[in-house]
Amino acid sequence: MRSFTEFILSEAEGFRMTGQKLSAPSNYWNMCAHLEIIRKSSALSRKGRLFFLSKYAQHRLSVNIFARRLRMLGILCYLLVLLPASGRAIQEVRVLLYHANENLGFTEQGFHQHMDFLVQNAYHTISIGEFLAWYDQGTALPERPIMITLDDNYIGVYTTVYPILQARGMCGVNFAHSSYVGVEPGGSPPTGSDHCDWDELQEMENAGVLATESHTRTHRNLASLNTVDAWWEIYGSKQDIESSMTAKQCYAIAYPYGSYDADVLTLVESAGYLLGFATISGPNTRATPRYELRRINLTSQEGLETLKQVIDYVPPDTVTIDNRDDGFTTGGVWNASTAVAGYYGPDYFYCAAGTGSTTATWSFTVAHEGWYDLSARWTAQTNRASNSPMTIVTPTVQDSIRVDQRTNGGQWNLLGHYYLFQGDRVNVTVSDDADGYVIADAIRCMPVAATRVRDWELYK
Ligand SMILES: [Ca+2]
Ligand SMILES: [Zn+2]
């Protein structure tokens, strides 16, 4: 495939100038919209295993089954009552995982840079308590919520991470293997592989900067242990942390090596944990299983581009309009559905193929002049239209493209790249003049770096 530059060079003739405004020939953007993004999927293998629970565990289990039923009832009520009325997109929380050890790619400078980026871009670190209130009760989170976690309780958590977070008013979670708290294999002076001691953990806890939670006792692979050993690791570390720290409740566990199976999850619930963190990449919603929460493993050496990617960074001026938001209007009959996964917000609308009289329009006013990428989402299936017509209309842009809604569901697909002026009213419309079901889910208009303008001017 040709590079963007080669494409511009060969296709520059095709660019249309309208006053000061430039838009690309639709075939380029159609090509972009059809680019396949390989999605990684994690398959979790689970193995069956017989085990016996202690009396305490059995009691916890029956209590928890009741609690789980109550929770399911709660979720049902949420779905039935709140969801259809809600105009807000479902919030997501991404959890980052670092290891504060130079031997594992940790650098003070890199961590500094990552945290500065988060603060400067209005991300808000949340605590385990805030996560739980959101997950269990739907309590609102701050804008751009994010959770910082550190595994293995390396001394760098105390010497480096703690002051960096504290200076920025941020917080995080320190997952400690409780048998190794205070263990210093490097002797004196401390080395990167030494571990924080209980006094240091208590100090960070009291400061409200880093809460210590469980990473088992001795960091063994939980899925490979028999029940007695797994219980000793899971329940024992919770006991260690709660008895060694003042007025401490340990609510969360992170699985060593990200390893767990169905039996491990049962033990974790029985031990009284409320949250379990894996190392499966991706965002958490309130529907993510509470003992299989996603975490994104990265090192602070990785640059800001990687960070932006894993946190799905969107610049502040980005406008996102869901089919349930203000700014979305319809003509003709549309039906709501959640049947196919990958939709944005609470649901999507669909209509059958027709003659173009059934339409859905997303409208917004541009806040700042500049270049924007305009994208749309849909849910893909074979019964969809391969040629859903979309028009993009502003006072000076008039673009018509067709998108294939049989593929590329559940992701933002580029419709076009436009120069927009402050105060411009933008209307994006999809109609039923197509060869299958047409989907109206959400659109996004995201500012992009001005470098592309300069690139283009080189070749004009
Ligand atoms: Ca939607
Ligand atoms: Zn670990």
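You'll find the structure just up there.
Note that the structure is predicted; figures quoted are calculated from it, not measured.

What counts and what doesn't
- Residues numbered from 1 in each chain as written.
- Chains lettered and ligands numbered in written order.
- Predicted model: local features only at pLDDT ≥ 70, side-chain atom pairs only at ≥ 80, totals over all residues.
- Pairing = 2+ DSSP bridges.
- Helix = DSSP H or I, 4+ residues; strand = E, 2+ residues; numbered from the N terminus.
- Axes fitted to C-alpha atoms, helices over the stretch in contact; angles between N-to-C directions.
- Core = buried A, V, L, I, M, F, W, Y, C linked by C-beta atoms within 7 Å.
- Buried ≥ 20, exposed ≤ 12 C-beta atoms within 10 Å, placed from the backbone.
- Parallel < 35°, antiparallel > 145°, perpendicular 65-115°, else oblique.
- Left-handed = near helix turned anticlockwise from the far one by under 90°.
- Contact = placed C-beta atoms within 7 Å.
- Nonpolar A, V, L, I, M, F, W, Y, C, P; charged D, E, K, R; others polar.
- Expected span 1.5 Å × (residues − 1).
- Arc of directions from axis to C-beta.

## Notes on the sheet that holds strand E12 (residues 328-331)
Picture the strands of a sheet paired through backbone hydrogen bonds; they go either parallel or antiparallel.
Then comes step 1: Here five strands make up an open sheet; going across it, the order is E12-E15-E20-E17-E18 and the pairing antiparallel. Both outer strands of the open sheet, E12 and strand E18 (398-403), are each paired with one neighbouring strand and no more. Direction aside, the axes of adjacent strands within the sheet are offset by 20 degrees on average.
Then comes step 2: Judged from the seven bridges that link them, strand E15 (residues 359-365) and strand E20 (residues 425-431) form a sheet pairing that is antiparallel. Bridge pairing links Thr 359 to Ser 431 in E20.

## Thoughts on the sheet that holds strand E14 (residues 348-351)
Then comes step 1: A sheet is described by the order of its strands in space; here three strands give the open sequence E13-E14-E21, paired in antiparallel fashion. The open sheet is flanked by strand E13 (335-337) and strand E21 (438-440), the only strands paired with a single partner. If you compare each strand with its neighbour and ignore which way they point, the axes differ by 35 degrees on average.
Then comes step 2: Relative to E14, E13 runs antiparallel, the two sharing three bridges. The residue bridging Ser 337 from the neighbouring strand is Tyr 348, located in E14.

## Focus on the pairing of E18
Then comes step 1: Across six bridges, strand E17 (residues 388-393) lies against E18 in antiparallel orientation. Bridge pairing in E18 links Ser 388 to Val 403.

## Thoughts on the nonpolar core
Most often, soluble globular proteins keep nonpolar side chains buried together rather than apart.
Then comes step 1: Counting residues in hydrophobic clusters, the biggest one holds 60 residues, and the most contacted among them are Val 157 and Leu 210.
Then comes step 2: It is helix H6 (residues 156-167) that provides the largest number of residues to this core, a total of five residues.
Then comes step 3: Among the nonpolar cores identified, the runner-up in size contains 37 residues, and Cys 351, Trp 378, Tyr 418 and Ala 434 belong to it.

## Observations concerning the packing of helix H8 (residues 227-244) against helix H9 (residues 262-270)
Then comes step 1: Interaxial distance between H8 and H9 falls to 10 Å at its minimum, and their mutual angle equals 45 degrees. With respect to H9, the element H8 is oriented oblique. Crossing geometry of H8 relative to H9 is assigned as right-handed. Residues Thr 227, Ala 230, Trp 231 and Ile 234 of H8 form the contact with H9, whose participating residues are Asp 263, Val 264, Leu 267 and Val 268.
Then comes step 2: A class-by-class count of the residues in the contact of H8 with H9 yields six nonpolar, one polar and one charged.

## Some points on helix H4 (residues 108-120)
Then comes step 1: For H4, spanning 13 residues, the distance from its first C-alpha to its last is 18 Å, which sits close to the expected 18 Å at 1.5 Å a residue.
Then comes step 2: Looking only at H4, the buried set comprises Phe 111, His 114, Met 115 and Leu 118. Taken around the axis of H4, the buried residues stretch over an arc of 90 degrees, which confines them to a single face. Residues of H4 that are exposed and angled more than 90 degrees away from the buried face: Gln 109 and Gln 120.
Then comes step 3: On its buried face, H4 sits against strand E3 (94-98), strand E5 (145-151), H6 and helix H10 (304-310).
Then comes step 4: Downstream of H4 by a residue or two, Ala 122 has a phi angle that is positive, lying close to 60 degrees.

## Structural notes on H6
Then comes step 1: Spanning 12 residues, H6 covers 16 Å between terminal C-alpha atoms, matching the ideal 16 Å at 1.5 Å per step.
Then comes step 2: Along H6, the positions that sit buried rather than exposed are Gly 156, Val 157, Tyr 158, Thr 160, Val 161, Tyr 162 and Leu 165.
Then comes step 3: Check the buried side of H6 and you find it contacts H4, E5, strand E6 (172-176), helix H7 (198-206) and strand E7 (210-214).
Then comes step 4: Looking one or two residues beyond H6, the residue adopting positive phi is Gly 169, at roughly 65 degrees.

## Points about the pairing of E3
Taken residue by residue, a regular strand's side chains alternate between the two faces of the sheet.
Then comes step 1: With four of five residues buried, E3 lies mostly within the body of the structure.
Then comes step 2: In terms of strand pairing, E3 meets E5 through five bridges, oriented parallel. If you follow Arg 94 over to E5, its bridge partner there is Ile 146.
Then comes step 3: As paired elements, E3 and strand E10 (residues 296-297) share two bridges and run parallel to each other. By the bridge assignment for E10, Leu 97 is matched with Asn 297.

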